[in-house]
Structure formats: C-alpha cells, structure tokens
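Each chain, written out:
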Amino acid sequence: MTKLRMGVIGVGGIAQTRHIPTFIKLSDSVSIEAISDINPVTAQTVAETFNIPNVFSDYRDMFGHVDAVTICTPNKFHAEITIAALNAGLHVFCEKPMAMTPEECERMIEAAEESGKLLAIAYHYRFMKDSRAAKRVIMEDEIGEPMVARARAIRRRKVPGWGVFTNKELQGGGSLIDYGCHFLDLSLWLLGNPAPVEVTGTTYNKLSRMPDQVNQWGDFDKEKFEVDDHVTAYIKFDNGTSMLFETSWSANVKSDEESMSISGKTGGIDLFPFQMNQMKHGMLLNSEADWVPGEDDPGLPQARNFINSCLGLEELVVKPQEAMQVSQIIDAIYKSSETGQSIRLK
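Every value quoted in this text rests on a predicted model; they were computed, and no experiment measured them.

Novice: Provide a residue-level description of the domain arrangement of the protein, including the pertinent values.
Specialist: Taken domain by domain, the protein comprises domain 1 (4–123 + 299–314) and domain 2 (126–296 + 326–344). Computed over C-alpha atoms only, the centres of domain 1 and domain 2 are separated by 26 Å. Contact with domain 1, which involves 18 residues of that partner, is made by 19 residues of domain 2. Between domain 1 and domain 2, a total of about 1,600 Å² is buried, with carbon and sulfur atoms accounting for 58% of that surface. Remark: the boundary between domain 1 and domain 2 carries three salt bridges. Of the charged contacts, one joins E295 and R304 as a salt bridge, the two residues approaching to 3.0 Å between their closest N and O atoms.

Novice: Let's hear about unusual backbone geometry: which residues, and what values?
Specialist: Cis rather than trans, the peptide bond between K96 and P97 has omega equal to -15°. Within the secondary structure, P97 sits in the loop between β5 (91–95) and α4 (102–115). Geometrically, the link from F272 to P273 is a cis peptide bond, its omega value of 10° lying close to zero. For N51, which is not a glycine, the phi torsion comes out positive at approximately 55°. Note on placement: N51 falls in the loop between α2 (40–50) and β3 (54–56). For N51, a relative accessible area of 68% puts it in the exposed group. We note that D212 has phi near 55°; this positive angle belongs to a residue other than glycine. Residue placement: D212 occurs in the loop between β8 (196–204) and β9 (230–237).

Novice: Describe the pattern of salt bridges, naming the residues involved and giving the relevant values.
Specialist: Under the defined criterion, the tally for this structure stands at 19 salt bridges. Between D185 and R126 there is a salt bridge, with the nearest N and O atoms lying 2.8 Å from each other. Taken as a pair, D185 in helix α7 (residues 175–191) and R126 in the loop between β6 (119–122) and α5 (129–139) lie far apart in primary sequence, 59 residues in all. Judged by relative accessible area, which is 1%, D185 ranks as buried. In this structure, K158 engages D256 in a salt bridge whose closest nitrogen and oxygen atoms are separated by 2.5 Å. Here D256 lies in the loop between β10 (242–248) and β11 (257–264) and K158 lies in the loop between β7 (146–154) and α6 (168–171), a separation of 98 residues in the sequence. Given the relative accessible area of 36%, D256 is considered partly exposed. A single network of salt bridges, built from pairs that share partners, joins D58, R60 and E80.

Novice: Outline the pairing of strand β2 (residues 30–36), supporting the account with residue identities and numerical values.
Specialist: The buried fraction of β2 amounts to six of the seven residues, a majority that puts the element mostly inside the structure. One ladder, built from six bridges, connects strand β1 (residues 4–9) with β2; its direction is parallel. Across the sheet, V8 pairs through a bridge with I35, a residue of β2. As defined by bridge partners, β2 adjoins β3 across three bridges and the pair is classed as parallel. Paired with S36 across the bridge in β3 is F56.

Novice: Tell me about the packing of α7 against helix α9 (residues 320–339), and name the residues and values.
Specialist: Each packed pair of helices is defined by two parameters, the angle between the axes and the distance between the axes. Between α7 and α9, the least distance of the axes is 9 Å, while the angle of their chain directions is 125°. Comparing their axes, α9 and α7 come out oblique. Where α7 crosses over α9, the two elements pack in a sense that is right-handed. Across the interface between the two elements, L176, I177, C181, L184, D185 and L188 from α7 touch Q325, V326, I329, I330, I333 and Y334 from α9. Its residues assigned to classes, the contact of α7 with α9 shows ten nonpolar, one polar and one charged.

Novice: Summarise the side chain of D130; cite the residues concerned and give the values.
Specialist: Relative to the elements of secondary structure, D130 occurs in helix α5. There is no salt bridge for the buried D130, and the closest opposite charge comes from K129, which lies 6.8 Å off by N-O distance. Reaching out from D130, the side chain makes a polar contact with the backbone nitrogen of F274 at a distance of 3.1 Å. Discounting chain neighbours no more than four positions away, the residues touching D130 are L271, F272, P273, F274 and V292.

Cut-offs used in this document
Residues numbered from 1 in each chain as written. Predicted model: local features only at pLDDT ≥ 70, side-chain atom pairs only at ≥ 80, totals over all residues. Heavy atoms only, no water. Domains from an automatic or database assignment. Contact = heavy atoms within 4.5 Å. Buried area = accessible area lost by both parts, 1.4 Å probe. Salt bridge = Lys/Arg side-chain N within 4 Å of Asp/Glu carboxyl O. Helix = DSSP H or I, 4+ residues; strand = E, 2+ residues; numbered from the N terminus. Buried < 20%, exposed > 50% of the residue type's maximum accessible area, 1.4 Å probe, protein only. Pairing = 2+ DSSP bridges. Axes fitted to C-alpha atoms, helices over the stretch in contact; angles between N-to-C directions. Parallel < 35°, antiparallel > 145°, perpendicular 65-115°, else oblique. Left-handed = near helix turned anticlockwise from the far one by under 90°. Nonpolar A, V, L, I, M, F, W, Y, C, P; charged D, E, K, R; others polar. Lys, Arg positive; Asp, Glu negative; His and termini not counted. Polar contact = N/O pair within 3.5 Å; in protein donor to acceptor, adjacent residues only side chain to side chain.

Structural data, given as structure tokens:
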C-alpha cells in the first residue's frame, strides 16, 4: 500500500476546517475516498466542495471503499463507530476525547487489539512546536525528575455556540471534556504517562446560566446549559508527581490563557511560549528559544503520523492506552465534583 484510502465520518466543523484540508495537503500519501454524515445536505455540499467521490448515509457502507476512517462525530458515537470500523478491518483516527467513559475506551482498545489495526486519538497539542521542544528537553534530562505540573486552558466568555458542544447527552460534558482534555493529555505525555491514583475536582456552570449573556463565540440557550463551563482539579500520580489543573470556556478573567509548566528536581519548563528555567553556576537562569523547529499547524504532523503509522513507516505518537488515561481522569473529576470526595483510581 503506497497511499492510504481515507473515509471521514461526520463532516461538521472540525472535519471541514482541519482534517479534510490537512489530508488534501498530504495527497501524496492519502486520498479521501468517502464521507458520511447524518445530514445528507451537509455531506453532499462537503463532497462537492472538496471533490470527494463517494457519499454514504450509513457510515458502514463506506467500509469496503477505504483502508482507514477519521471519526468526527459527537462524543457519544466515538466508541460505537470506532469498534465497528476496527471489526471491519480498518485503521481508526478518532477525534478527542477518546470516548464518553473509560469503559468505552477499554472496549475500543480491545477491538483494536483483536483486529490488529491502529487506533489513534486526535490530541493535536502533542504535535505543537513548543510541546515537542519541551518533550525533547525532558527526555534529555534537562530538568531532572518531574515533580509538579500546572496546566491552565482558560477562555474568557467563549462558549461554543455552534454544533452540540453544550449538549450533555451527546458530548458527556463541557469545557473539561472538550477543551481541557488537550492539556490533560499534553501534561501526561510530558510527564511520561504516569498512572493517576487520586483525583479531586470541582465543576461549575453558573456563569453560562446567568441572564444577559456576553459570549464571543455565538449564541446558546442558557436555559438548557447543563455542561461544565469551568473546572478545577488536583491530580496525584503513582510516581509521586502531582498536577494542578484548571480549564474554562467562560471565565471572568482579563484574557484567554493557555499555559503549562513542569517543575523538576534540577530545572523546569514553561510553555506556551517555551522556556527552560534552571539553577546553574550559582545562578538562576531562564532560557528562551530564538527558534523552535516544526510546523505551525499541528494538524499536519498529527495527520502525517497517523498515515505513516498505517503504512508501517512510523509509530503512533498518541497511543490509545494513553488517551484512555485522560478519559479516566476526566471521569474521576466529574465523579469527585458530584460526590464532593476525592476519587481513588488505584
């Protein structure tokens, strides 16, 4: 196989703005052969816009025409479609989060192992230039043993007013499962994927239920807003590392913030932007990078890694067992908030 035949299931915003254009840029190694969507008008429009030859109302009907599928549906359907595709002998690239529950993640992994096909989850923050620079610094032991991680993914009054982002039945949650999941995944990856053992979390949705909403990302029905718009958590891992975590769609803050830091025994890193902090030569030194290699669009190396892994040329960067850890933490944060107690995972 010299070129991967790709099908896309669910052709809403993320498929149209990220995945389909990215696959087209990588047309030397992948071709989009089919798409499927529950909205036939949307599917036909997307097919015509991007010159995709086959449109199916039932995603199963595309299985004989492709080698792999990219799943961009609401979270509720990730597990069902992934398992069906793997059982049909296809590789699967699934949008984040992996699934609604850790139990669904386990079934997806079992299907992948039984089929011998690849399962990747679209945590694209791992493919950002700063993230890769931080990973290299940590792997080369520049900061020593990591001890404390801090992750903040904060937006000021930017609840997604389109799609089904505020629908709890279809998505399973709000800012945590949609946005904060990226920073949980990135943190775990940089820390070397230690196993989470205890999670304490609190979720809020008061701001998005107030009258006279000011929202920068479109209108939404505050009366039907049932998901979280702000979340905090404290996470302990089996190797003694801990994490302070916060995410929000709708915080009353000065401005949006995406930041990560890790403090190790001999140094630390910050991103975004990338910076290394050390104590050397009797001094406190902060090192900024004049230039960081890599592509500005993380979607390109992410897609290339999946394609090349399917073709036997690379190893997956985001492995399903790692993505399941993110879902375990998300589930524990929600349970901790509901019960008012810490959740033990081991």
